Amino acid sequence: MVDNKLSLNISRCTGCGACIGKCPFSALAMSYNNGEFKNIKKVVFNADKCNGCGACINFCRFGALFIK
Ligand code: SF4
Ligand code: SF4
């Protein structure tokens, strides 16, 4: 069990897609259907796949990805 998983500040996500494909566990994807941001392309995060490695964080220039 990993305690430190990725956290996502979805309001900061511009949908640039720079983080997509950088996760070795395919925990990140893009979607137009993301709760309150429906119809706006944003990253979606699958916590079940994330092991908290942090590899994706430096690819986000907008501070949307972080480890707590
Ligand atoms: S912290 Fe690691 S495992 Fe989790 S989403 Fe980012 S790259 Fe993937
Ligand atoms: S790199 Fe950051 S802003 Fe771009 S899609 Fe990923 S989380 Fe969103």
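This report concerns the structure included in the present document. Sequence order sets the numbering: in each chain, residues are counted from 1 along the sequence as written. Chains and ligands are labelled by the order in which they are written, letters from A for the one and numbers from 1 for the other. Under the rules for a predicted model, residues below a pLDDT of 70 receive no local features and side-chain atom pairs below 80 are neither given nor counted, while totals for whole chains, interfaces and linings still include all residues. Note that the side-chain values use all heavy atoms of the structure and ignore hydrogens as well as water.

**A look at the overall build of the protein**
Summing up its helical and strand segments, the protein has zero helices and four strands in all. Comment: elements are numbered from the N terminus, with helices defined as DSSP H or I runs of at least four residues and strands as E runs of at least two. Listing each helix as α and each strand as β along the protein from the N terminus yields β-β-β-β. Two things to know: the radius of gyration comes from C-alpha atoms, and the globule rule equals 2.2 Å times the number of residues to the power 0.38. On C-alpha atoms alone, the protein measures out to a radius of gyration of 11 Å, which is about the 11 Å that the 2.2 N^0.38 rule sets for 68 residues. Seen along its three principal axes, the alpha-carbon backbone of the protein occupies a region of about 35 × 20 × 20 Å. Between buried and exposed lies partly exposed: a residue is buried under 20% and exposed over 50% of the maximum accessible area for its type, with that area taken using a 1.4 Å probe on protein chains only. Per-residue burial over the protein gives 26% buried out of 68 residues.

**Looking at the packing of aromatic side chains**
Planes of paired rings set the category: under 30 degrees apart is stacked, over 60 is edge-to-face and the rest tilted, where pairs are Phe, Tyr or Trp rings (Trp by its six-membered ring) whose centres lie within 6.5 Å. One pass over the full model with this rule turns up zero aromatic pairs. The criterion is that NZ of a Lys, or CZ of an Arg, lies within 6 Å of the ring centre and within 35 degrees of the ring normal, and then a charge sits over that ring. The ring centre of Phe59 lies 5.0 Å from the NZ or CZ of Lys22, which sits over that ring.

**Focus: the site of ligand 1**
If even one non-hydrogen atom of a residue comes within 4 Å of a molecule or strand, that residue is called near it. Lining the immediate surroundings of ligand 1 are 14 residues, of which Cys23, Cys50, Cys53, Gly54 and Cys56 lie closest. Note on residue classes: Ala, Val, Leu, Ile, Met, Phe, Trp, Tyr, Cys and Pro are nonpolar, Asp, Glu, Lys and Arg are charged, and everything else, Gly too, is polar. Residues belonging to the shell around ligand 1 are distributed by class as follows: 11 nonpolar, three polar and no charged.

**Some thoughts on the nonpolar core**
Working definition of a nonpolar core: buried Ala, Val, Leu, Ile, Met, Phe, Trp, Tyr and Cys residues. They are joined through side-chain atoms within 4.5 Å. In this structure, Leu6, Leu28, Val43 and Leu65 are the most contacted members of the largest nonpolar core, which totals 14 residues. Those residues in contact with Leu65 that sit more than four places away from it in its chain are Leu6, Ser7, Leu8, Cys19, Cys56, Ile57 and Cys60. Note on contacts: a residue pair qualifies if any of its non-hydrogen atoms lie within 4.5 Å across the two residues.

**Describing unusual backbone geometry**
Phi at Ser26 takes a positive value of approximately 55°, unusual for a residue other than glycine. If you trace the backbone, Ser26 turns up in the loop between β1 (6-8) and β2 (28-31).

**Overview of the side chain of Ser7**
Topologically, Ser7 is positioned in strand β1. When sequence neighbours within four positions are dropped, the list of residues in contact with Ser7 reads Ala64, Leu65, Phe66 and Lys68.

**With respect to the side chain of Lys42**
Assignment of secondary structure puts Lys42 in strand β3 (residues 42-45). For Lys42, the side chain forms a polar contact with the main-chain oxygen of Ile10, separated by 3.0 Å. Pairing of N or O atoms within 3.5 Å defines a polar contact, subject to two protein rules: one partner must be a possible hydrogen donor and the other a possible acceptor, and residues neighboring in sequence count only if both atoms are side-chain atoms.

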